[in-house]
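Close look at the chain arrangement
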Amino acid sequence: MDAQKPYEQLLAENRELQYQLAEAKDTIDAIRNGQVDALVVKGKKGHQLFTLKNADQTYRVFIEKMAEGAVTINREGIILYSNSRFAKLIGIPLEKVIGESFALFVDDSNSKEYEKLVRNGWKEDCKGEIMFSDTVTNKPIPCLLSCNILELDEGLALSIIITDLTSQREIQSQLKLKNEQLEEARSITEKLNDELEVSVKERTLELFDSREHFKSLADNVPQMIWTSLPDGTVNFRSRQWYEFTGLDVSEPLENIRGLISHPEDIEENNRRFTAALKTKQPFMMESRVKRKDGTYRWHLNRAVPMRNETGEITLWIGTSTDIDDQKREMEKKDEFIGIASHELKTPLTSLKGYLQLISGYKKEPLPAPVKMFVNKANEALGKLQYLVNDLLDVSKINAGKLQYQMLVIDLAELVESCINNARHIYPKYDIKNEGGAKMLVMGNMERLEQVMMNLVSNSVKYSKENKQIIISTTTSGNMAKVVVTDFGIGLSESQQNKIFERFYRVEDKKFMSSGLGMGLYICAEIIKDHNGIIGVNSELGKGASFYFELPLV
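What comes next concerns the included structure. (Residues numbered from 1 in each chain as written. Predicted model: local features only at pLDDT ≥ 70, side-chain atom pairs only at ≥ 80, totals over all residues. Heavy atoms only, no water.)

Observations regarding the environment of A524
Its location among the elements puts A524 in helix α14 (residues 519–529). Between the alpha carbons of A524 and G535 there is a distance of 8.4 Å; along the sequence they are eleven residues apart. Not counting chain neighbours up to four residues away, the residues in contact with A524 comprise F500 and I534. (Helix = DSSP H or I, 4+ residues; strand = E, 2+ residues; numbered from the N terminus. Contact = heavy atoms within 4.5 Å.)

Written out as structure tokens, the structure is:
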């Protein structure tokens, strides 16, 4: 029985403590809900009764719900009332807060500041920042305390409103960090700006020197130089423009073209230059420019785009070269070619007739040497007729009189027919046909056969050692393509740029060939009149691939 007695006492004491705890909780809830208007607090002078003057339930509910902590203390610093927000702030149950000394929850580092603030608070309304101790994290909590005196029935009490400054401190810390970063960025920006300013000044000086150098160069070359912006707006003309045209330098740049261009050339010039701007490809055209004496002279106008690192056009640089004298000489040459070819055609026809009469003589057999000479004369006559026909074609091209009867034809079939003819004409050559399917184009069969045979003849002429020629036909998109490939002497890059010009012949010290250099020029003009494209890909010593493309129908 004696061993069980202490246990029973412990149970009784535990029940008593639970009862007191429940009573304390009920009391606190009653205070929070405004159901209690007075408190009895045991202090140094014994029990004291505290009541709120003009107690108001709604007011106390408001205090309980507010975001700030609210505490009322007496002269001894004992907490008479606390809302749940303050208890939550310091991490202590509310029932353990009321009746305790408020100073217990103040961080040790701020004890003196707290005492001073409370002393002032009993004298007048005041505010101050105090650090509290968080019992959960053991970290100090920065708070703003606002002290006001309350008048109770039993005397005065000090009301303290506690505002948690933790979020504000974090924001201030972040703002400080951002300000430091901004200051660092500002310093870097200022430095970069200074460096950029120096760089701009240096670049401006370089550009000025470059512009002056360009202007000096442009003013001293024989060609007329001009530049324009990416949209085609002219922004510079060299001194030669004004000396040639007699226009004043004060004349607006955009007006000059209309004042000096021949009326018949303006529309075509504008069309071509607009197309060059759209396609971003070089511009070239021959047109007439009015000289200051009122006469028009032919000029070759060219413009090439200048691009930056990203490939965007920043400027167009153009030249106008006086070709009037060369053009007139060419016209005289064309006139002579036309007359000469016509004059040669008649005697050649007669000569061919006489040779045919000799070959067909039946009364007595011709001696072998005579037959050989007649055959050689026929071969020479054939070559001469081929040259005369070329001269006639050139004359017709320049006069715009080369006639075409355009029909829908199968280009693959035409190529195959030309290959069969070429195999008979050049039996020593291995001419391969890598033809494709049917390719219908709009064209003149005789002229396209002329182009094909000329390209094959050209390959034979410059392929004396490797006698293989490959001819292929393919389609790409809406275009039909024919390629004639040989493995002869090939062409250099400069030769490729000139190969389709009139009278141009490939000159090689190790290789000589006959001809006037007009065959490829005629081919280019025929293909151009068919709205096609002609070109060559070649490498010196490794052969050449001549090609042309025509629109499919």
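Description of the pairing of strand β9 (residues 234–237)
For strand β8 (residues 224–228) and β9, the ladder comprises three bridges, and the chain directions are antiparallel. By the bridge assignment, S228 is partnered in β9 with V234. Hairpin connection of β8 to β9: five residues between the antiparallel strands, including G232 at a positive phi of 95 degrees. (Pairing = 2+ DSSP bridges.)

As for a nonpolar patch on the surface
A surface patch of nonpolar side chains, amounting to about 410 Å² of accessible area, comprises M406, V408, L440, M442 and V553. Tracing the sequence through the fold places M406 in the loop between α10 (368–399) and β13 (407–410). Residue M406 is classed as partly exposed on the basis of its relative accessible area, which comes to 32%. (Patch = residues over 30% accessible without salt bridge, like charges linked within 9 Å, V, L, I, M, F, W, Y side chains within 5 Å. Areas by Shrake-Rupley, 256 points an atom, 1.4 Å probe, with all protein chains shown as cover. Salt bridge = Lys/Arg side-chain N within 4 Å of Asp/Glu carboxyl O. Buried < 20%, exposed > 50% of the residue type's maximum accessible area, 1.4 Å probe, protein only.)

Observations regarding the nonpolar core
One finds L411, I431, M452, I471, F500, F546 and F548 to be the most contacted residues of the largest nonpolar core, which totals 40 residues. Listing elements by their share of this core, those giving two or more residues are α11 (411–425), α12 (445–461), β16 (468–476), β17 (479–486), α14, β18 (533–538) and β19 (544–551). Formed by 27 residues, the second largest nonpolar core is a distinct cluster that contains I90, L117, I160 and I162. (Core = buried A, V, L, I, M, F, W, Y, C linked by side-chain atoms within 4.5 Å.)

Focus on α14
Of all eleven residues in α14, nine are buried; the element is thus mostly enclosed. Within α14, the full set of buried residues consists of G519, L520, Y521, I522, C523, A524, E525, I526 and I527.

A look at the pattern of salt bridges
Overall, the coordinates contain 16 salt bridges when judged by the stated rule. With a closest N to O distance of 2.7 Å, E190 and R186 form a salt bridge. With E190 and R186 both in helix α5 (residues 166–220), this residue pair falls four residues apart, about one helical turn. Here E190 falls in the partly exposed class, since its relative accessible area comes to 40%. On the basis of relative accessibility, which here comes to 42%, the residue R186 falls in the partly exposed class. Here R291 and D293 are joined by a salt bridge, their closest N and O atoms 2.9 Å apart. Taking the relative accessible area as the measure of exposure, R291 reaches 28% and is therefore partly exposed. One salt-bridge network, in which partners are shared between bridges, spans R297, D322, D324, D325 and R328.

Description of the packing of aromatic side chains
Under the defined criterion, the tally for this structure stands at ten aromatic pairs. The interplanar angle of 65 degrees and the centroid separation of 5.6 Å between the aromatic rings of F102 and F132 together place this pair among those described as edge-to-face. Taken together, the residues span a long stretch of sequence, with F102 in the loop between α3 (84–90) and α4 (111–121) and F132 in strand β5 (residues 126–133) at a distance of 30 residues. Among the residues examined, F102 registers a relative accessible area of 0% and is labelled buried. Through pairs of rings, three or more aromatic residues link up here, namely F86, F102, F105, Y114 and F132. Seen from the ring of W241, R237 lies directly overhead, with NZ or CZ sitting 4.5 Å from the centre. (Phe/Tyr/Trp six-rings, centres within 6.5 Å; stacked < 30°, edge-to-face > 60°. Lys NZ or Arg CZ within 6 Å of the ring centre and 35° of its normal.)

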